[in-house]
2 protein chains.
Amino acid sequence: MKRYEKFADDIAELIRSGVLAAGQRVPSVRYASQTHGISPSTVFQAYYLLERRGLIRARPRSGYFVNDTFSLAGLGDRAPEPDLRPAVAAQVSESTEVDVSELVFSVLESIKNPDTVPFGSAFPSPALFPLQRLARSLSSATRDMDPRMVVSDLSPGNPSLRRQIALRYMVAGQMLPMEELLITNGALEALNLCLQAVTEPGDLVAIEAPAFYACLQVLERLKLKAVEIPVHPQHGIDLVVLEQALRRYPIKACWSMTSFQNPTGATVPEARKRDLVELLRKHEVPLIEDDVYAELYYGQHAPKPAKAFDTEGLVLHCGSFAKSLAPGYRVGWVAAGRYAQKVERLKLMTSLCASMPAQAAIADYLQHGGYDRHLRKLRHSLEDQQRAMLGAIARYFPAQTRVSQPSGGYFLWVELPETVDSLKVFQAALAQGISIAPGPMFSPTRRFKPFIRLNYGTPWNDTCERAMEMLGKIIRSMMGADAGRRS
Amino acid sequence: MKRYEKFADDIAELIRSGVLAAGQRVPSVRYASQTHGISPSTVFQAYYLLERRGLIRARPRSGYFVNDTFSLAGLGDRAPEPDLRPAVAAQVSESTEVDVSELVFSVLESIKNPDTVPFGSAFPSPALFPLQRLARSLSSATRDMDPRMVVSDLSPGNPSLRRQIALRYMVAGQMLPMEELLITNGALEALNLCLQAVTEPGDLVAIEAPAFYACLQVLERLKLKAVEIPVHPQHGIDLVVLEQALRRYPIKACWSMTSFQNPTGATVPEARKRDLVELLRKHEVPLIEDDVYAELYYGQHAPKPAKAFDTEGLVLHCGSFAKSLAPGYRVGWVAAGRYAQKVERLKLMTSLCASMPAQAAIADYLQHGGYDRHLRKLRHSLEDQQRAMLGAIARYFPAQTRVSQPSGGYFLWVELPETVDSLKVFQAALAQGISIAPGPMFSPTRRFKPFIRLNYGTPWNDTCERAMEMLGKIIRSMMGADAGRRS
């Protein structure tokens, strides 16, 4: 162990044991270096390490202080009061400053371990993707790459890839001028750019409740405020509440996952999508449509996106290959309607363009790789896996459990008995090597306490089955404990 | 020609001929559709196209209006009054809201054409890079890629690549904990994230004058204000002026390219870099060090970065492979000192992680590809090309011309006779198929009117020689014209 690691561990122990309390200043570099007989740079290295571990934090001009932020071990005690409003609230909640990062980062960090059963993951299993075939596309596409494209193919992106994407829109019945398409570093960047293009810091944005936590993080980063609109587990965002909110607040944008919503799995029916577009048009509010699960439908056809009903260029439609073909390649896109140029310029100012080999590889694969064949197989796998997980819930979870049954994607939204705290379930499950996504991750107001999101994107096997059994036990034990305390 | 294109051209002609003036509303969709007997969606398609061409712009709730922004053709007339302050000003200029995008985007768009002589380009010629060898690394690295890294190798990035980068720091005499390193989508993203990590909208940032225009764009995007600090063409940012500025203004960050600065080519000597770090430390102001040309030195050794003198974690050191190895791969990095965790989280919130095949390819190449051999060759080529371009300037440009002679990189900063307007030179040269970068691109206050930046990153040939001759003629003709008007 290096000297700075040793010193960092000493300080960490002081924090854990409460000698250094939250908010307290840690010893100054000069003091620590003198009293411990180590060099100032060793002290600094130790403090960086502690900072990276989330234990302390630098304040400009004042030194380092013990963090009072979320820590997994102490979470249960400081969790917010239960908020058991039904998932479909009757009215608009107030707008909220968004600060959900600590919780989200803690959860994400904990599920990076590849040995954890990934029910809490945001990704389907990489085993479901044709990664070898993609690597071949990568080889042949970069072998033939014209070096000059380094200059000519900056944003909006690889023309052949954009043509392939436009073709897929066309086959789905939607004419999209190729010039509207911009390639991004995954859909997450597309969503960031779109939201920045249509808002200023401090603006209100209508989001879903529950919402995908990345949406909350983008709002937080851009200093926007959230107006939460309830999502019905079957037919998605509540248009009546949205209309009230649009009348009542100066909302500048609406963000919605209209198909296979994360976390609920809800899909807005086509007629309602038309209504949603019309409602937003009436208020001249742009819709940022996060449609990354579009290809993962179990029915005969893909549900049409809201974009299909947009005649005014007010829908900014974001897609990605990360969930259907090439995780890790970081290739997404946006068709941003009337905001296309503004978004493209923001992209040029932010990261210039997406990685060219990855773009070229996916363009090649779309032309020669058998994407549709792969997608058919993928959809079947996901549907089978959903059936397996629903079966396991029926076998192992308490009888009061309620669960969605989405027609696509790879998430189940599970409502546990209302006394169960999903954050405690998260911790107990993680201790058993199982990850889940607790409900409060999906709300800036930390609602959905008795909810969990389960990922069935992994081919079902004995480990999954045993993990579900263990989860069921954990949940039941918490009902017991709670019931016990009450009596 | 499609109907909407025809209609768009009609409107464009009305704008060009002045029938529709800047700021004027274009016909409403309903009106245009009725009077021209075309469908509203055709009108919308036409208006999107015009918007993308920069001719019109939508205003929420009011319709489309003719743009009054920068247009290349009309630029000369509306250019700011000449500002002939010397490149090294004696004092601090006031802070300035940054809005340089229109000019920069117009210039960048115009030089995308691969047939243009790329003296205005920001990139060296792709012909100088081992793209075939890299493609081999890409193939072998992705063939062996563990699919699970899709989950485990999110930000901070590919561990093997980060290890290779840390090794290169070590060989250069700098110990950097690997945990400090974050892989980004090129240095541009790194710089964006760093600046966001240490500022809030409205804050003041000390930047160089002249500054790389991407820096100005990042400030603009993040709604920050610039305090311009003069750059001496030999030894870089002026520390006396910087100190005055730090005393006078609540500056929250300093952005500097300390080696082979873009556009001047200046390098801050090592002793001054130490002073720079010490000065900023005294004021507790973080330094965002843009060091993307670090490997392109012509001397025996790389100049040390300011980061080498940082003992407090206040220097956020940004690097990239785009200028030295793999343009288009979009792989950069940052060693963000005490801000490392904050920057990593912003990265996770913005674009999750950099493209994994590109990261794996560069990691493989650094291990097996002969990077140092390639770099030696590249440095020799650039030095030869600098000699060739300096020779051409001596042969063809007016005698009053002054030019820097950088000890690395691939830019010359050329001061033309003070009556010459570089924006007019830009237009005239572009008409001859030659691009240059006019001085006002590099300043939020549009200074450096008689300056141009020339890129010698292309292997010298007859086309380059003839283009320099033509540039010389253009510049002389403008001196004549101006002199004529005066008499």
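- You'll find chain A entered in an unreviewed UniProt entry as PLP-dependent aminotransferase family protein, with Pseudomonas lutea given as the organism.
- Heading Sequence similarities (unreviewed entry) of the UniProt record for chain A holds this comment: "In the C-terminal section; belongs to the class-I pyridoxal-phosphate-dependent aminotransferase family."

1. Structural notes on the overall build of chain A
Then, number 1: Along chain A, the regular secondary structure elements total 17 helices and 17 strands.
Then, number 2: Expressed as a percentage of contacts within chain A between residues at least 6 apart in sequence, the contacts between residues at least 24 apart total 75%.
Then, number 3: Summing over all exposed atoms, chain A offers an accessible surface of approximately 18700 Å²; the carbon and sulfur share of this is 51%.

2. What about the relation of the copies chain A and chain B?
Then, number 1: Superposing chain A onto chain B takes a rotation of 180° combined with a translation of 0.0 Å along the rotation axis, leaving an RMSD of 0.1 Å. Expressed as an axis order, the relation between the two copies is that of a two-fold axis. Residue A:S139 of chain A places its C-alpha closer to the rotation axis than any other residue of that unit, at 2.6 Å.
Then, number 2: The fraction of interface residues of chain A whose copies in chain B are also interface residues reaches 100%, indicating that both copies meet through the same surface.

3. Looking at the packing of helix 6 (residues 131-143) of chain B against helix 14 (residues 356-368) of chain B
All names here are of chain B.
Then, number 1: In the contact formed by helix 6 and helix 14, the axes pass within 8 Å of each other and the chain directions differ by 110°. Between helix 6 and helix 14, the angle falls in the class roughly perpendicular. Where helix 6 crosses over helix 14, the two elements pack in a sense that is right-handed. Across the interface between the two elements, R133, L134, S137, L138, S140, A141 and T142 of helix 6 pack against P357, A358, A360, A361, I362, D364, Y365 and H368 of helix 14.
Then, number 2: Partitioning the contact of helix 6 with helix 14 into residue classes produces nine nonpolar, four polar and two charged.

4. Focus on empty space enclosed by the protein
To find leftover empty space, one rolls a probe the size of a water molecule over the atoms.
Then, number 1: Counting across every chain of the model gives six cavities of 30 Å³ or more.
Then, number 2: Roughly 110 Å³ of internal volume is contained in the largest cavity.
Then, number 3: Around the largest cavity, the lining comprises 13 residues; the ones closest to its centre are A:Y48, A:L49, A:R52, B:P177 and B:E179.
Then, number 4: Elements supplying a minimum of two residues to the lining of the largest cavity: helix 3 (40-52) of chain A together with helix 13 (340-350) of chain B.
Then, number 5: With five residues, helix 3 of chain A is the single largest residue contributor to the lining of the largest cavity.
Then, number 6: Of the residues in the lining of the largest cavity, the class split is five nonpolar, three polar and five charged.
Then, number 7: The space that makes up the second largest cavity amounts to roughly 100 Å³.
Then, number 8: Lining the second largest cavity are A:P177, A:E179, A:E180, A:G337, A:A340, B:Y4, B:Q45, B:Y48, B:L49 and B:R52.
Then, number 9: Take the lining of the second largest cavity: its biggest share by element is four residues, from helix 3 (residues 40-52) of chain B.
Then, number 10: For the lining of the second largest cavity, the class distribution of residues is five nonpolar, two polar and three charged.

Analysis parameters
- Residues numbered from 1 in each chain as written.
- Chains lettered and ligands numbered in written order.
- Predicted model: local features only at pLDDT ≥ 70, side-chain atom pairs only at ≥ 80, totals over all residues.
- Heavy atoms only, no water.
- UniProt positions renumbered as here; feature names shortened; annotations may be inferred.
- Helix = DSSP H or I, 4+ residues; strand = E, 2+ residues; numbered from the N terminus.
- Contact = heavy atoms within 4.5 Å.
- Areas by Shrake-Rupley, 256 points an atom, 1.4 Å probe, with all protein chains shown as cover.
- Least-squares fit on C-alpha atoms with pLDDT ≥ 70 in both.
- Axes fitted to C-alpha atoms, helices over the stretch in contact; angles between N-to-C directions.
- Parallel < 35°, antiparallel > 145°, perpendicular 65-115°, else oblique.
- Left-handed = near helix turned anticlockwise from the far one by under 90°.
- Nonpolar A, V, L, I, M, F, W, Y, C, P; charged D, E, K, R; others polar.
- 1 Å grid on protein atoms, 1.4 Å probe; cavity = no way out; pocket = protein on both sides within 12 Å on 5 of 7 lines; lining within 4 Å.
- Points joined across faces, edges and corners; volume = space filled by probe spheres on them.

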